[in-house]
Amino acid sequence: MDDLREKYVSLIAAAADETTLEDLRVQAVGKKGEISLQMRSLGKMSAEERQLAGPKLNALKDEINSALAAKKTALGDAALDERLRGEWLDVTLPARQRAMGSIHPISQVTEEVTAILADLGFSVAEGPQIESDWYNFDALNIPGHHPARAEMDTFYTHRAEGDERPPHVLRTHTSPVQIRHMEAHGAPCRIICPGRVYRADYDQTHTPMFNQVEGLAIDKDISMANLKWTLEEFFTAFFGTNVKTRFRASHFPFTEPSAEVDIQCQWKDGSVVVGEGDDWLEVLGSGMVHPKVLQAGGIDPAEWQGFAFGMGIDRMAMLKYGIPDLRAFFDSDLRWLRHYGFASLDQPNLAAGL
Ligand code: DAH
């Protein structure tokens, strides 16, 4: 028994892993284990012999069992320690660099314009980019023979042969959203409609797709004075400085009277600075909504009146952020996007300044 004890105590102490330990358990106290066989031989002993050997054998069995259990716990602890050492994570290490996208200046400026005009009570309305010619032209008091149609370099969609209906167009301005909104929501209203517009024109200052924002305010006593105040508030907030405006009498089929609006600027070393000097830069068209346009939108012009304006977003972005070439806006050149783009978490809001 002493030999058995010595043998197993030292083998258990030396076991390096749980499989070895399990083998030892089977070998010692398993069904056919050495100690178990000894226990079985108790039956063949005389009563006195058994009295002596029984308790000793039991004690040996207990001792080996607890040595096995203790070793098992120790092996488990060691394995856990090993894992903790191996999987240790240094949370103070700097994070890996990740490629980050940026917000396109057009998106940024659209958000800025929206934030400013939302603060003045305007909400955002949208319309389709493929428009019927009625919404894009007729409803806006631009009949078929009107020169404005020809001037707009319109993209027409294709009709199947024999289909005599006028083809849809890629909207040439955001003004059709005025009509859609009036039809759906009536008066009074105060909305802006930012979005893409299309004209078949491509040179230094024109791209076939560009962005506009339309404004429309209808109520019982709206006047040109409200238009002027709204636009001056807008420019001052947008450029972050007092900007003088100049209203020039003009003509649009959908407004009467109509005005083109210039903002004060100065040319310095070939680039333009807004809000100082005594040059002027045209930035938008505007006026009092034509009675026929109100009518087309289902609103009674004897009861309601309103102002409207249409502004080029791309132009505003170029002016505010000193971007020289319009065409680069839509080239998807990553270097340009990284240079002129905005951080995605740095979204415009009035409280922080735009
Ligand atoms: N739709 C015009 C354009 O694309 C811009 C415009 C002028 C819009 C006068 C208006 C407006 O709402 O009143 O050139």
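Structure shown above.
Residues numbered from 1 in each chain as written. Predicted model: local features only at pLDDT ≥ 70, side-chain atom pairs only at ≥ 80, totals over all residues. Heavy atoms only, no water.

Engineer: Could you clarify how one ought to interpret the overall build of the protein in this entry?
Structural biologist: Scanning the protein from N- to C-terminus turns up twelve helices and ten strands. Along the first, second and third principal axes, the C-alpha set of the protein runs to 130 × 55 × 45 Å. Here the protein, with 354 residues, has 40% of them falling under the buried criterion. Accessible surface, the protein: about 20,400 Å² in total, of which carbon and sulfur atoms supply 52%. (Helix = DSSP H or I, 4+ residues; strand = E, 2+ residues; numbered from the N terminus. Buried < 20%, exposed > 50% of the residue type's maximum accessible area, 1.4 Å probe, protein only. Areas by Shrake-Rupley, 256 points an atom, 1.4 Å probe, with all protein chains shown as cover.)

Engineer: Teacher, can you tell me more about the pattern of salt bridges here?
Structural biologist: Any two side chains of opposite charge can pair, so long as their charged atoms come close to each other. As enumerated under the stated definition, the model contains 20 salt bridges in all. Where E22 meets R25, a salt bridge forms, and the shortest distance between an N and an O atom there is 2.9 Å. Here the residue E22 and the residue R25 both occupy positions in helix 2 (residues 18-29), the gap between them amounting to three residues, near one helical turn. For R25, a relative accessible area of 33% gives the class partly exposed. Its salt-bridge partner being R149, residue D133 comes within 3.5 Å of it at the nearest N-O pair. One end of the pair, D133, is in helix 6 (residues 133-136); the other, R149, is in helix 7 (residues 147-151), with 16 residues separating them in the sequence. Owing to a relative accessible area of 12%, R149 belongs among the buried residues under this scheme. (Salt bridge = Lys/Arg side-chain N within 4 Å of Asp/Glu carboxyl O.)

Engineer: Honestly, the site of the ligand in this entry has me stumped. Any pointers?
Structural biologist: H173, S175, R199, Q212 and E214 are the nearest of the 15 residues found near the ligand. Within the side chain of H173, a nitrogen or oxygen atom sits 2.9 Å from a nitrogen atom of the ligand. E214 places a polar side-chain atom, nitrogen or oxygen, 2.6 Å from an oxygen atom of the ligand. Across the shell around the ligand, the residue classes break down as four nonpolar, nine polar and two charged. (Near = heavy atom within 4 Å. Polar contact = N/O pair within 3.5 Å; in protein donor to acceptor, adjacent residues only side chain to side chain. Nonpolar A, V, L, I, M, F, W, Y, C, P; charged D, E, K, R; others polar.)

Engineer: Even after reading the chapter, I still don't get the packing of aromatic side chains, so can you show me in this structure?
Structural biologist: In this description, a pair of aromatic rings is defined by centroid distance and the angle of the planes. For the coordinates displayed, the defined rule picks out nine aromatic pairs. Ring plane angle 70° and centroid distance 4.9 Å describe the contact between Y321 and F342, whose orientation is recorded as edge-to-face. With a gap of 21 residues between them, Y321 in helix 11 (residues 313-321) and F342 in the segment after helix 12 (334-340) connect regions that are remote in the sequence. With a relative accessible area of 26%, Y321 lands in the partly exposed category. A residue is classified by how much of its surface remains accessible, and F342, at 15% relative accessible area, is buried. Counting every residue linked through ring pairs, the aromatic cluster contains F234, F235, F238 and F239. One cation-aromatic arrangement involves R180 over Y135; the distance from NZ or CZ to the ring centre is 3.9 Å. If you follow R327 out to its NZ or CZ, it ends over the ring of Y202, 6.0 Å from the centre. (Phe/Tyr/Trp six-rings, centres within 6.5 Å; stacked < 30°, edge-to-face > 60°. Lys NZ or Arg CZ within 6 Å of the ring centre and 35° of its normal.)

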